[in-house]
Amino acid sequence: MLLDAASLYFRAFYGVPTSVTSPDGRPVNAVRGFLDMTARLVTAHAPDRLVACWDDDWRPAFRVAALPSYKAHRLSPDGGEETPEELGPQVPVLVEVLAAAGLARVGAPGYEADDVIGTLATRARGPVDVVTGDRDLFQLVDDERGVRVLYTARGITDLELVDEAAVTAKYGIPGRAYADFAVLRGDPSDGLPGVTGVGAKTAAALITEFGDLAGIRAAAARTVVPKPPLTAAVLKRLHAGADYLDAAPVVVAVARDIDLPPVEGTLPRRPADPDALAALAAAHGIGSSLKRLGAALGWPEDALS
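Rules used in this analysis
- Residues numbered from 1 in each chain as written.
- Predicted model: local features only at pLDDT ≥ 70, side-chain atom pairs only at ≥ 80, totals over all residues.
- Heavy atoms only, no water.
- UniProt positions renumbered as here; feature names shortened; annotations may be inferred.
- Helix = DSSP H or I, 4+ residues; strand = E, 2+ residues; numbered from the N terminus.
- Rg over C-alpha atoms; globule rule 2.2 N^0.38 Å.
- Buried < 20%, exposed > 50% of the residue type's maximum accessible area, 1.4 Å probe, protein only.
- Contact = heavy atoms within 4.5 Å.
- Areas by Shrake-Rupley, 256 points an atom, 1.4 Å probe, with all protein chains shown as cover.
- Salt bridge = Lys/Arg side-chain N within 4 Å of Asp/Glu carboxyl O.
- Axes fitted to C-alpha atoms, helices over the stretch in contact; angles between N-to-C directions.
- Parallel < 35°, antiparallel > 145°, perpendicular 65-115°, else oblique.
- Left-handed = near helix turned anticlockwise from the far one by under 90°.
- Arc of directions from axis to C-beta.
- Pairing = 2+ DSSP bridges.
- Domains from an automatic or database assignment.
- Buried area = accessible area lost by both parts, 1.4 Å probe.
- Polar contact = N/O pair within 3.5 Å; in protein donor to acceptor, adjacent residues only side chain to side chain.
- Nonpolar A, V, L, I, M, F, W, Y, C, P; charged D, E, K, R; others polar.

The protein appears in an unreviewed UniProt entry as 5'-3' exonuclease from Geodermatophilus africanus. Its UniProt record gives the protein the following Function (unreviewed entry) comment, quoted word for word: "5'-3' exonuclease acting preferentially on double-stranded DNA."

The structure is reproduced here in structure tokens:
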């Protein structure tokens, strides 16, 4: 099980009231929500291994170089990611808690969590569940290898299981074609404009007809007599968007071969550092969430004492 950590702690932050605080009054809603989500996921799906995948770089330079609009609307005045004031201080606390608990956390300099997930999913020798609220990761689904997405759009207790059939049913495209579909249609949440005038239906029709983006562009280059789905209007739009279509695939494609150390991710049968975890529980008032996580992981009852 690969957790898109930022996706989950943002969801936790907005799903749990900021009135949930530590003994000294600081919000810990994202930390508690993340731990409770993880406990529920482990209980419901019983993974053999679990890795919290981290955004070491939420807006990598190589993606910005290809498409400067990438996530530009999320930039804060200091150049970082715009984050709620009450959430920022909770992220280092969560890092400490995961380390003390013994749960694997993996990031890579210059890459997003998506790329960590893509690489670990590609390396995996068995089935993989990717837990995320980010549709970009639909491009990883692979029925043959058992890679699927547990999509959190409806919440952690009502996950949408996304496999190749689900992608086809939702978007009308082949199950592994989501990346090319996203390039054509665009995604405003990531600052990805798409090809002007090409919406979801047209993008799906083009991919269904020509297989992938390369096939679509090759067909557009050789088409003399327009016919659906390559109508005159669509051809004009594809030609006008040529520079965007050159750049966008680099932005949308999840990396699958970044340099990562071996990652075991075995579920800890007891905390890695019980004393540190007990101190964190007391300092931040997260003991009840840690007990629920411990119960899900099968820790002994005295693990936090």
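This is not the end of the story, as more comes after the structure.
What follows concerns the overall build of the protein. Looking only at helices and strands, one finds 13 helices and six strands in the protein. The globule rule puts the C-alpha radius of gyration for 305 residues at 19 Å, and the 21 Å found for the protein is close to it. With respect to the three principal axes, the spread of C-alpha positions in the protein is 75 × 45 × 35 Å. Here the protein holds 305 residues, and 50% of them are scored as buried. Of all intrachain contacts in the protein linking residues separated by at least 6 positions in sequence, the fraction that spans at least 24 positions is 68%. A total accessible area of about 14000 Å² is found for the protein, and carbon and sulfur atoms account for 53% of it.

What follows concerns the pattern of salt bridges. Any two side chains of opposite charge can pair, so long as their charged atoms come close to each other. In this structure the tally under the stated criterion is 15 salt bridges. Where Arg148 meets Asp129, a salt bridge forms, and the shortest distance between an N and an O atom there is 2.5 Å. Here Arg148, found in strand β5 (residues 147-151), pairs with Asp129, found in strand β4 (residues 128-132); they are 19 residues apart in sequence, far enough to count as distant. Residue class for Asp129 comes out buried when judged on its relative accessible area of 15%. Across the pair Asp246 and Arg217 runs a salt bridge whose closest N-O atoms are separated by 2.8 Å. Remark: Arg217 occurs in helix α9 (residues 213-222) and Asp246 occurs in helix α11 (residues 242-252); sequence separation between them is 29 residues.

Running from N to C, helix α7 (residues 178-185) and α11 cross one another at 130°; their axes reach a closest spacing of 10 Å. As the angle between them shows, α7 and α11 are arranged oblique. As for how α7 packs across α11, the hand of that crossing is right-handed. In contact with Ala179, Ala182, Val183 and Leu184 of α7, α11 contributes Tyr244, Leu245, Ala248, Pro249 and Val252.

Taken residue by residue, helix α12 (residues 274-284) has Leu277, Leu280, Ala281 and His284 as its buried positions. Looking down the long axis of α12, one finds its buried residues gathered within 100° of arc, a one-sided arrangement. For α12, the exposed residues set more than 90 degrees away from the buried face come down to Asp275 and Ala282. In the core, the buried residues of α12 are packed alongside α4 (90-101) and α13 (287-297). Just past α12, the residue Gly285 takes up positive phi, approximately 65°.

Now for the sheet that holds strand β6 (residues 160-162). Taken in spatial order, the six strands of this open sheet run β3-β2-β1-β4-β5-β6, and their pairing is mixed. Only two strands of the sheet have a single neighbouring strand rather than two, namely β3 (104-106) and β6. Sheet twist, expressed as the average angle between the axes of neighbouring strands with direction ignored, equals 25°. By the bridge criterion, two bridges tie strand β1 (residues 2-4) to β4 in an arrangement that is parallel. Within β4, the residue paired with Leu2 across the bridge is Val130.

Split by domain assignment, the protein resolves into domain 1 (2-173 + 255-297) and domain 2 (178-252). Placing a centre on the C-alpha atoms of domain 1 and another on those of domain 2 gives a separation of 31 Å. With 16 residues of domain 1 in contact, the opposing surface of domain 2 contributes 19 residues. Where domain 1 abuts domain 2, roughly 1600 Å² becomes buried across the two surfaces, and 57% of that area is made up of carbon and sulfur atoms. Three residues, Leu67, Gln139 and Ile173, lead the burial of domain 1 against domain 2; their summed loss comes to 31% of the area buried on that side. For the interface between domain 1 and domain 2, the tally reads two salt bridges. Inspection of the region where domain 1 meets domain 2 yields eight residue pairs in polar contact (both at pLDDT 80 or more). Partitioning the side of domain 1 that touches domain 2 into residue classes produces seven nonpolar, four polar and five charged.

What follows concerns the environment of Leu103. Inspection of the secondary structure puts Leu103 in the loop between α4 and β3. Residues Leu103 and Arg49, 54 residues apart in the sequence, show an inter-C-alpha distance of 9.4 Å. Beyond its immediate chain neighbours, meaning those up to four positions away, Leu103 contacts Leu50, Leu98, Pro268, Leu293 and Leu297.

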